[in-house]
Amino acid sequence: MAASCMLRSSFLSPGLPQLHHQSTSKPNNGIHFFTPIKATATNDAISQQKHRRPADENIREEARRHCSSHNFSARYVPFNAGPNSDEWYSLDEIVYRSRSGGLLDVQHDMDALKKFDGQYWRSLFDSRVGKTTWPYGSGVWSKKEWVLPEIDSDDIVSAFEGNSNLFWAERFGKQFLGMTDLWVKHCGISHTGSFKDLGMTVLVSQVNRLRKMHKPVVGVGCASTGDTSAALSAYCASAGIPSIVFLPANKISMAQLVQPIANGAFVLSIDTDFDGCMQLIREVTAELPIYLANSLNSLRLEGQKTAAIEILQQFDWEVPEWVIVPGGNLGNIYAFYKGFQMCKELGLVDRIPRLVCAQAANANPLYLHYKSGWKDFKPVKANTTFASAIQIGDPVSIDRAVFALQQCNGIVEEATEEELMDAMAQADSTGMFICPHTGVALTALFKLRNSGVIAPTDRTVVVSTAHGLKFTQSKIDYHSKEIKDMECRFANPPVEVKADFGSVMDVLKSYLLSQNSKL
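Residues numbered from 1 in each chain as written. Predicted model: local features only at pLDDT ≥ 70, side-chain atom pairs only at ≥ 80, totals over all residues. Heavy atoms only, no water.

### Focus: the sheet that holds strand E8 (residues 290-292)
For step 1, the next point in the chain: Pairing within the open sheet is parallel, and its four strands lie in the order E7-E6-E5-E8. Whereas interior strands pair on both sides, the edge strands pair on one side only; in this sheet they are strand E7 (266-270) and E8. Recorded for the sheet is a direction-independent mean angle of 25° between the axes of neighbouring strands.
For step 2, the next point in the chain: The pairing of strand E6 (residues 243-248) with E7 spans five bridges and is parallel. (Pairing = 2+ DSSP bridges. Helix = DSSP H or I, 4+ residues; strand = E, 2+ residues; numbered from the N terminus. Axes fitted to C-alpha atoms, helices over the stretch in contact; angles between N-to-C directions.)

And the structure:
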């Protein structure tokens, strides 16, 4: 297709403006900055809503039939480049670093997006929630214009990820924190059980596009502490693209290890830590036509930023006071900032929340940098932590994270192993069943509440990054009180009892009396 299939009339709500075809010019560099367009009402949206697609037509074919042109575009630029920088790259180029060796960022043509006001974008995004229309049923691709505007919908690889639960943590907030407006964004309730799906659908879709353009990409590779490899392997398997995974040997859970294996990835278990795997994959992708899928690649952050937009959507476009995000490689804290900031710049909201990045004390380079007053950053040797996905001592996105936090008057906190495991157990006791990384974020919340920084009535969102089912062994060890040098204050081990009625009754009476005394 010559133009991206972006808006199709059958999913638009009545009265929403539709984007009409405009002639385009194609510079030699392949970047499309289109002429301005006008929003006009159309009756097509109303009439086509009433007709179901033919029985022999699938949703991809239906999307092709309702393909529209647009004037939105995006490109790579050096991260935080000055206004006089003329360095940029097409998203169809295979490039991960700027000429100076710095990070890249995806820059959208904001002038084109601003042709439509905030109410238009709010209504458009809201109209797509819960639909099966390809590809807008995805929480990521429902914001396609802000993610990868120029990709053909036919090239998108999606499991309709996103649209994850924003859970009112009523009992946890009241019982442990004295809070009335605490929420947990369960990004781990996703296709492969972590927030990584949000970014991987974007990256693998672009790789799918590049391969169709006959670019030299034989496969996609990543270094991982578990969740990235699960997401990469699943989306590559869906598209029929080879995936290569570098894992640190004996440092991830079995539930995380089995996912890339089951999805057919080529898995290398390497005798090093994540930082060592990251160094190796960067060297390998520099020599072989393997596309790098780690968060060094800024495409993933375009998908991850949609979780921030979802939070605003779920609050009916009201802005919370605080959002707390676990941080390891630190791409996600920047992605949340970018999502919130785009909403503010395009008029969907009038402010952004304050962000908190929460790190494990055993892998806390950002926390140490923050406590030093943002003086010279120094990587650390990451020690073992139950929050294994953020066991990273030399984060790739350190510059992005610092920028995001400075822009929103953000805070960095840390959690010891005992603190994060206790917080996880407390959350689980109220029905959440979270991962250790969410325990890190909840620990940060405890500390900020206790110090009075976060008020009891502040609307606060804690981002849960992975599903608790990926970390059952750590929960078993905690509740069995088998973790060395840890009190496990909230452990709830099974009670052994003889198989006779009297013994069972004695145990139950004792339990019920203890529960009654708590009332």
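### Notes on the sheet that holds strand E9 (residues 322-326)
For step 1, the next point in the chain: Reading across from one edge, E3-E4-E12-E9-E10-E11 is the order of the six strands in this open sheet, with mixed pairing throughout. Each of the sheet's edge strands pairs with one partner strand only, and the pair in question is strand E3 (166-168) and strand E11 (411-415). Direction aside, the axes of adjacent strands within the sheet are offset by 25° on average.

### Focus on the nonpolar core
For step 1, the next point in the chain: Trp121, Trp146 and Tyr291 are the most contacted members of the largest nonpolar core, which totals 106 residues.
For step 2, the next point in the chain: Among the elements that line this core, the one with the most residues is helix H12 (residues 331-345), at eight residues.
For step 3, the next point in the chain: Once residues within four sequence positions are removed from consideration, Trp121 is found in contact with Phe72, Leu113, Phe116, Glu145, Trp146 and Leu348.
For step 4, the next point in the chain: The next biggest cluster of nonpolar side chains, apart from the first, holds 37 residues, and it includes Trp322, Met424, Ala427 and Ala441. (Core = buried A, V, L, I, M, F, W, Y, C linked by side-chain atoms within 4.5 Å. Buried < 20%, exposed > 50% of the residue type's maximum accessible area, 1.4 Å probe, protein only. Contact = heavy atoms within 4.5 Å.)

### Points about H12
For step 1, the next point in the chain: Along its 15 residues, H12 runs 21 Å from first to last C-alpha, staying within 8% of the 21 Å computed at 1.5 Å per residue.
For step 2, the next point in the chain: In terms of residue burial, H12 counts as a mostly covered element, since 12 of its 15 residues are buried.
For step 3, the next point in the chain: Residues of H12 that are buried: Gly331, Asn332, Ile333, Tyr334, Ala335, Phe336, Tyr337, Lys338, Gly339, Phe340, Met342 and Cys343. (Expected span 1.5 Å × (residues − 1).)

### Quick word on the packing of aromatic side chains
For step 1, the next point in the chain: Counted by the stated rule, this structure contains 20 aromatic pairs.
For step 2, the next point in the chain: On the numbers, 6.1 Å between centres and 65° between planes, the contact of Phe72 with Phe116 is edge-to-face. Of this pair, Phe72 sits in the loop between helix H2 (59-65) and strand E1 (74-78) while Phe116 sits in the loop between helix H3 (110-113) and helix H4 (118-128), placing them 44 residues apart in sequence.
For step 3, the next point in the chain: On the basis of relative accessible area, Phe72 is assigned to the buried category, the value being 1%. (Phe/Tyr/Trp six-rings, centres within 6.5 Å; stacked < 30°, edge-to-face > 60°.)

### Some thoughts on the UniProt feature "modified residue: N6-(pyridoxal phosphate)lysine" (unreviewed entry) in the chain
For step 1, the next point in the chain: What UniProt calls "modified residue: N6-(pyridoxal phosphate)lysine" (unreviewed entry) maps, in this numbering, to Lys196.
For step 2, the next point in the chain: Mapped onto the secondary structure, Lys196 falls in helix H6 (residues 196-212).
For step 3, the next point in the chain: A relative accessible area of 11% places Lys196 in the buried class. (UniProt positions renumbered as here; feature names shortened; annotations may be inferred.)

### Some points on the state of the cysteines
For step 1, the next point in the chain: The tally for this structure, following the rule as stated, stands at zero disulfides.
For step 2, the next point in the chain: Cysteine Cys222 shares no disulfide, and the gap to the nearest cysteine sulfur, in Cys236, comes to 8.7 Å.
For step 3, the next point in the chain: Residue Cys222 is classed as buried on the basis of its relative accessible area of 0%. (Disulfide = S-S within 2.5 Å.)

### Quick word on a nonpolar patch on the surface
For step 1, the next point in the chain: A contiguous nonpolar patch, built from Val495, Val497, Val504, Val507, Leu508, Tyr511 and Leu512 and spanning about 600 Å² of accessible area, is present on the exposed surface.
For step 2, the next point in the chain: On the secondary structure map, Leu512 appears in helix H18 (residues 501-517).
For step 3, the next point in the chain: A relative accessible area of 52% places Leu512 in the exposed class. (Patch = residues over 30% accessible without salt bridge, like charges linked within 9 Å, V, L, I, M, F, W, Y side chains within 5 Å. Areas by Shrake-Rupley, 256 points an atom, 1.4 Å probe, with all protein chains shown as cover. Salt bridge = Lys/Arg side-chain N within 4 Å of Asp/Glu carboxyl O.)

### Quick notes on the packing of helix H15 (residues 417-428) against helix H16 (residues 436-450)
For step 1, the next point in the chain: Closest axis-to-axis distance for the H15/H16 pair is 7 Å, and the angle between their directions is 95°. Relative to H16, H15 is oriented roughly perpendicular. Residues Glu419, Leu420, Ala423, Met424, Gln426 and Ala427 of H15 lie in contact with H16, whose contacting residues are Pro436, Gly439, Val440, Leu442, Thr443, Phe446 and Lys447.
For step 2, the next point in the chain: Its residues assigned to classes, the contact of H15 with H16 comprises eight nonpolar, three polar and two charged. (Parallel < 35°, antiparallel > 145°, perpendicular 65-115°, else oblique. Nonpolar A, V, L, I, M, F, W, Y, C, P; charged D, E, K, R; others polar.)

### Here's the deal with the confidence of the model for the chain
For step 1, the next point in the chain: Of the residues in the chain, 89% have a pLDDT of 70 or more, and the chain-wide mean is 89.
For step 2, the next point in the chain: Contacts of residues 1-15 to residues separated by more than four positions or lying in other chains number 70 contacts, the stretch itself having pLDDT below 50. (pLDDT = per-residue confidence, 0-100.)

### Observations concerning the environment of Asp111
For step 1, the next point in the chain: As for its placement among the helices and strands, Asp111 is situated in helix H3.
For step 2, the next point in the chain: When the C-alpha positions of Asp111 and Leu346 are compared, they lie 9.5 Å apart, and in sequence the two are 235 residues distant.

### Let's talk about unusual backbone geometry
For step 1, the next point in the chain: With an omega dihedral of -5°, the bond running from Trp134 to Pro135 counts as a cis peptide bond.
For step 2, the next point in the chain: As for its position among the elements, Pro135 is in the loop between H4 and E3.
For step 3, the next point in the chain: The phi torsion at Asn80 lies on the positive side, around 55°, for a residue other than glycine.
For step 4, the next point in the chain: Tracing the sequence through the fold places Asn80 in the loop between E1 and strand E2 (104-108).

### Describing the packing of helix H11 (residues 306-314) against H12
For step 1, the next point in the chain: Between H11 and H12, whose axes approach to 7 Å, the crossing angle comes to 50°. Overall, the two elements H11 and H12 adopt an arrangement that is oblique. Both H11 and H12 take part in a crossing whose hand is right-handed. Contacts between H11 and H12 pair Ala307, Ala308, Ile309, Ile311 and Leu312 from the former with Phe336, Gly339, Phe340 and Cys343 from the latter.
For step 2, the next point in the chain: When its residues are assigned to classes, the contact of H11 with H12 shows eight nonpolar, one polar and no charged. (Left-handed = near helix turned anticlockwise from the far one by under 90°.)

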